[in-house]
Amino acid sequence: MNNRLDYIDKLRGFAILCVLVGHILIIYTQEKTRYPLVEIIYSFHMPLFFFVSGYVGYKSQSTQKGVYSFLKGKVKSLLIPYITWLFVMPLMLNNEYPSNLSAIIQKFNFVPNLNYWFLPLMFTFHVIYLFWHKYSFFLGGKKELEGLLVLFSTIVLTGLLFKSYYTCVYAIYGLSFFFGYFISKYTIIEKFCCQRRVAIFSIFLLILLWKIFPLDTSINPSPTYSLLNLGSFLVTSLLSIILFLCFFKTVTMPSFVSSVLIELGKSTMALYLLPIYLLPSGYVFPSNLPYSLVTILAIIISLVQGFVSYLIFKACLQIPIIPNILFGSKSKTTL
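Description of the structure in this document. Because the structure is a prediction, the values reported are computed rather than measured.

1. Thoughts on the overall build of the chain
Item 1. Helix and strand counts for the chain come out as 15 helices and zero strands.
Item 2. A globule of 335 residues ought to have a C-alpha radius of gyration of about 20 Å, and the chain, at 20 Å, matches this closely.
Item 3. Projected onto its principal axes, the C-alpha positions of the chain cover 60 × 50 × 50 Å.
Item 4. Counting contacts in the chain only where the partners sit at least 6 residues apart, residues at least 24 apart contribute 77% of the total.
Item 5. Accessible surface for the chain amounts to roughly 17,200 Å². Of this, 69% is attributable to carbon and sulfur atoms.
Item 6. Across the chain, 25 positive and 10 negative side-chain charges occur, with their mean positions spaced 9 Å apart.

2. Looking at unusual backbone geometry
Item 1. For Tyr116, which is not glycine, the phi dihedral falls at a positive 55°.
Item 2. Tracing the chain through its elements places Tyr116 in the loop between α5 (101-107) and α6 (118-138).
Item 3. Even without being a glycine, Ile321 presents a positive backbone phi close to 75°.
Item 4. Mapped onto the secondary structure, Ile321 falls in the loop between α14 (291-316) and α15 (322-327).

3. A word on the side chain of Thr295
Item 1. Following the sequence through the fold, Thr295 ends up in helix α14.
Item 2. The exposure class assigned to Thr295 is buried, which follows from its relative accessible area of 18%.
Item 3. Leaving out residues up to four positions away in the same chain, Thr295 has contacts with Tyr35 and Leu37.

4. Observations regarding the environment of Asn229
Item 1. Mapping Asn229 onto the fold places it in helix α11 (residues 223-250).
Item 2. Overall, the relative accessible area of 4% leaves Asn229 in the buried class.
Item 3. Taking the C-alpha atoms as reference, Asn229 lies 5.9 Å from Pro214; in sequence the two are 15 residues apart.

5. Here's the deal with the pattern of salt bridges
Item 1. Scanning the model with the defined rule gives three salt bridges in all.
Item 2. As a salt-bridge pair, Asp9 and Arg12 come within 3.3 Å of each other at their nearest N and O atoms. Of this pair, Asp9 and Arg12 both sit in helix α1 (residues 6-28), three residues apart, which is roughly one turn of that helix. In this pair, the class of Asp9 matches that of Arg12, namely buried.
Item 3. A salt bridge links Arg34 to Glu39; its shortest N-O distance comes to 3.1 Å.
Item 4. Classification of Arg34 by relative accessible area gives partly exposed; the value is 39%.
Item 5. The class for Glu39 is buried, based on a relative accessible area of 16%.

6. Digging into helix α10 (residues 196-212)
Item 1. Spanning 17 residues, α10 covers 25 Å between terminal C-alpha atoms, matching the ideal 24 Å at 1.5 Å per step.
Item 2. Those residues of α10 that fall on the buried side of the exposure criterion are Val198, Ala199, Ser202, Leu206 and Leu209. The buried residues of α10 all sit within an arc of 90° when viewed along its axis, so they share a single face. Summarising the geometry of α10, the exposed residues directed more than 90 degrees from the buried face are Arg196, Arg197, Ile200, Phe204, Ile207 and Lys211.
Item 3. Among the structural elements, α9 (187-193) and α11 are those in contact with the buried residues of α10.

7. Section: α14
Item 1. Between its first and last C-alpha atoms α14 spans 37 Å; for 26 residues at 1.5 Å apiece the expected length is 38 Å, and the two agree.
Item 2. Turning to α14, the residues buried within the fold contact α1, α2 (36-41), α12 (255-266), α13 (268-273) and α15.

8. Here we look at the nonpolar core
Item 1. Core analysis: the largest hydrophobic core is formed by 93 residues, its most contacted members being Phe50, Phe51, Trp117, Phe118, Tyr173 and Phe327.
Item 2. Broken down by element, this core gets its largest block of residues, 14 residues, from α1.

9. Observations concerning the packing of aromatic side chains
Item 1. Going through the model one piece at a time under the given rule, you end up with 40 aromatic pairs.
Item 2. Summarising the aromatic geometry, the rings of Phe87 and Tyr97 are spaced 6.1 Å apart at their centres and angled 50° between planes, so their arrangement reads as tilted. Note that Phe87 is positioned in helix α4 (residues 67-94) and Tyr97 in the loop between α4 and α5, a separation of ten residues in sequence.
Item 3. Judged by relative accessible area, which is 9%, Phe87 ranks as buried.

Thresholds, definitions, all that
- Sequence order as written defines residue numbering, which begins from 1 separately in each chain.
- Since the coordinates come from a predicted model, pLDDT governs what is reported: local features require at least 70, and pairs of side-chain atoms require 80 or more to be given and counted, while whole-chain, interface and lining totals use all residues.
- Side-chain figures throughout are based on the complete set of non-hydrogen atoms in the structure, without hydrogens or water.
- Numbered from the N terminus, helices here are DSSP runs of H or I no shorter than four residues, and strands are runs of E no shorter than two.
- Every radius of gyration here is taken over C-alpha atoms, with the globule rule written as 2.2 Å times N^0.38, N being the number of residues.
- For this analysis, residues touch if any pair of their heavy atoms sits within 4.5 Å.
- Only the protein chains shown count as cover for residues, and all accessible areas are computed by the Shrake-Rupley method using a 1.4 Å probe.
- When charges are tallied, Lys and Arg are placed among the positive residues and Asp and Glu among the negative ones, while His and the ends of the chain are skipped.
- By convention, the charge on Lys lies at NZ, on Arg at CZ, on Asp at CG and on Glu at CD.
- Throughout, exposure labels follow a simple rule: accessible area from a 1.4 Å probe, protein chains only, divided by the maximum for the residue type, with under 20% read as buried, over 50% as exposed, and the rest as partly exposed.
- Salt bridges, as used here, are contacts in which a Lys or Arg side-chain nitrogen is within 4 Å of a carboxyl oxygen on Asp or Glu.
- How far a helix is expected to stretch is found by multiplying one less than its residue total by 1.5 Å.
- Working definition: the arc comes from the directions between the helix axis and the C-beta atoms, pointing outward to the latter.
- Buried Ala, Val, Leu, Ile, Met, Phe, Trp, Tyr and Cys residues form a nonpolar core when they are joined through side-chain atoms within 4.5 Å.
- Classification of ring pairs uses Phe, Tyr and Trp, with its six-membered ring standing for Trp, and accepts pairs whose centres are within 6.5 Å; under 30 degrees between planes counts as stacked, over 60 as edge-to-face, and the remaining range as tilted.

This is how it looks when you write it as structure tokens:
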């Protein structure tokens, strides 16, 4: 985009802050993924990223550049950093490198949530978006929504058939991506989502869902629990997207908070790929600390961690070529 949207940068900054806080709580608490705030964050933070990418993708009209230019841009912004952090950085930082063909092939496995999985999955959605956009253009835009629903429903059914839970999860990420595309394309949908009564309804329903989501499948690993979790995850994702889009688009925030979120939003790739952990390895927050204090500490630590990563990113921008191969851009990052 030539003209950045501040509310989208703030939304993206909020999403990456949730990622940082979630990682801190998973690493340094005894409950790890079962920590209450982590369960809430993980119910929406990745769908929020995919939503923003779909939203910005349509606003930028990047598909108008042609297939080759579009794919070239996505290879530079997503796949080159993916390959760099997959192979080059482990070799440089830890002297680690796959020793045989099988290990190299396994490196490219990003399901479930492996090996910088976010980048190849995002690239996949952009490719689907490109060809679907071209296809729907030739059809005059008819049956666009119906076709996408059929596509992702097929992916979900395939995941259920082969008992691949994360195939279904990735389909929900894809639906979030295209939800961003449709909201961006059809302003009437965005206006509806940003109504106060819709936001209030979303808050009410989210509180109810966060009370029960996720169901503990370790206690009851039945397919029914998995289906309920997937359904809850889908609804929670969409409601959270609506709520946070409405909030960051309509609520006036203190200028300092807005500035911080905007800068975080402009640097999401660096913050995602540069996790600078400040606490010693193996440290765990004392179990007698109240949740509120642990949460406040996690937010403070994640902000400091993000600031360090941000400084490294800014320093890298001054070096030729390095920003391209590490973060996919010379002057800004987009996810």
